[in-house]
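# Coordinate inspection notes
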Amino acid sequence: RMFSRFTSIAALTALFGSPLVAETDPQPGLQEFFSVNRVGTFIANTAIAALRTQMELEYEYLSTDLMRGTVSISGVTARPLLPYDQARQCVITVDRAVLNTDVAKPFEVASEANINMIGARANTACLPREGAMALRAAGIREIDLDQFKIRLAYIYATGETSTDVTLAINNFASLDFSA
């Protein structure tokens, strides 16, 4: 009797522990495939591909959260195609950039977008010749920005647009203006 119980338990263990039991498919289902953040990442990558028609662009990390209306990118290096930079020496780097929109609250009274760049740097080759020469004469070879923030807003009822900009330049100045 003890032996038959043991064989029954062993048989059940072998049956349910064997590959005959259905395993879940490791491939994502349609719901995961078309998830909001996956679609957001696709849109962000499409925008980056469009930017690459105007510049060389590399980044280390991209994150999207469409439910919160946020796209962030870090470790950005851009080499824009500028008509006055024939030697292709212009290099712009950004430690982190975040785009926030109110996409999570559509059809409200207004639409708003915020861009916040932290740790942006550009060499003087990114400026037209006259501006670059003036900066070099002053001993400045690179422009460092602690932070660049811009807020754009559009009010549906009146068609009014507004812009707020904050620019903080390392060891020099901070500038705020609105239009």
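Everything quoted here is computed from the prediction, not taken from an experiment.

The number of helices and strands found in the chain is four helices and eight strands. In the chain, the order of α-helices and β-strands from amino to carboxyl end is α-α-α-β-β-β-β-β-α-β-β-β. When each of the 179 residues of the chain is scored for burial, the buried share is 20%. For the chain, the share of sequence-separated contacts (at least 6 apart) that also reach a separation of at least 24 residues comes to 41%.

Glancing now at the state of the cysteines. Across all of its chains, the model carries one disulfide by this definition. Shown here is the disulfide that connects Cys90 with Cys126, its sulfur atoms set 1.9 Å apart. What sets the handedness of the Cys90 and Cys126 disulfide is the S-S torsion sign, and at about 100° it is right-handed. In this pair, Cys90 sits in the loop between strand 3 (70–80) and strand 4 (92–101) while Cys126 sits in the loop between strand 5 (110–123) and helix 4 (129–137), placing the two residues 36 residues apart along the sequence. Given the relative accessible area of 1%, Cys90 is considered buried.

Further remarks concern the environment of Pro83. Secondary-structure assignment places Pro83 in the loop between strand 3 and strand 4. Taking the relative accessible area as the measure of exposure, Pro83 reaches 65% and is therefore exposed. Remark: the alpha-carbon pair of Pro83 and Pro128, spanning 45 residues in sequence, is separated by 9.0 Å.

This part covers unusual backbone geometry. At Arg88, a residue that is not glycine, the phi angle is positive and equals roughly 55°. Within the secondary structure, Arg88 sits in the loop between strand 3 and strand 4.

For the rest of this paragraph, the subject is the pattern of salt bridges. Summed over all chains, the structure comprises six salt bridges. For Asp65, the salt bridge goes to Arg68, with nearest N and O atoms at 2.8 Å. Residue Asp65 is classed as buried on the basis of its relative accessible area, which comes to 19%. The exposure class assigned to Arg68 is exposed, which follows from its relative accessible area of 65%. In this structure, Arg151 engages Glu112 in a salt bridge whose closest nitrogen and oxygen atoms are separated by 3.2 Å. Here Glu112 lies in strand 5 and Arg151 lies in strand 6 (residues 142–155), a separation of 39 residues in the sequence. Here Arg151 falls in the partly exposed class, since its relative accessible area comes to 22%.

Turning to the environment of Glu142, a few remarks are in order. In this fold, Glu142 is placed in strand 6. By relative accessible area, which is 43% here, Glu142 ends up partly exposed. Separated by 51 residues in sequence, Glu142 and Val91 place their C-alpha atoms 9.9 Å apart. Once residues within four sequence positions are removed from consideration, Glu142 is found in contact with Arg121, Ala122, Asn123 and Thr124.

With 16 residues, helix 3 (residues 36–51) extends 23 Å from end C-alpha to end C-alpha; this agrees with the ideal 22 Å at 1.5 Å per step. Those residues of helix 3 that are buried are in contact with strand 1 (55–58), strand 2 (61–65) and strand 3.

Turning our eyes to something else, we now look at the pairing of strand 6. Where a strand is regular, its side chains alternate between the two sheet faces. In this sheet, strand 6 lies alongside strand 5 in antiparallel orientation, the contact comprising 13 bridges. Residue pairing in the sheet places Ala120 in a bridge with Leu145 of strand 6. Here nine bridges tie strand 6 to strand 7 (residues 161–169), and the two strands are oriented antiparallel to one another. When the sheet's bridge partners are listed, Arg151 is paired in strand 7 with Asp164. Counting the residues between successive antiparallel strands, the hairpin from strand 6 to strand 7 contains five residues, one of them, Gly159, with a positive phi of roughly 80°.

Calculation rules
Residues numbered from 1 in each chain as written. Predicted model: local features only at pLDDT ≥ 70, side-chain atom pairs only at ≥ 80, totals over all residues. Heavy atoms only, no water. Helix = DSSP H or I, 4+ residues; strand = E, 2+ residues; numbered from the N terminus. Buried < 20%, exposed > 50% of the residue type's maximum accessible area, 1.4 Å probe, protein only. Contact = heavy atoms within 4.5 Å. Disulfide = S-S within 2.5 Å. Salt bridge = Lys/Arg side-chain N within 4 Å of Asp/Glu carboxyl O. Expected span 1.5 Å × (residues − 1). Pairing = 2+ DSSP bridges.

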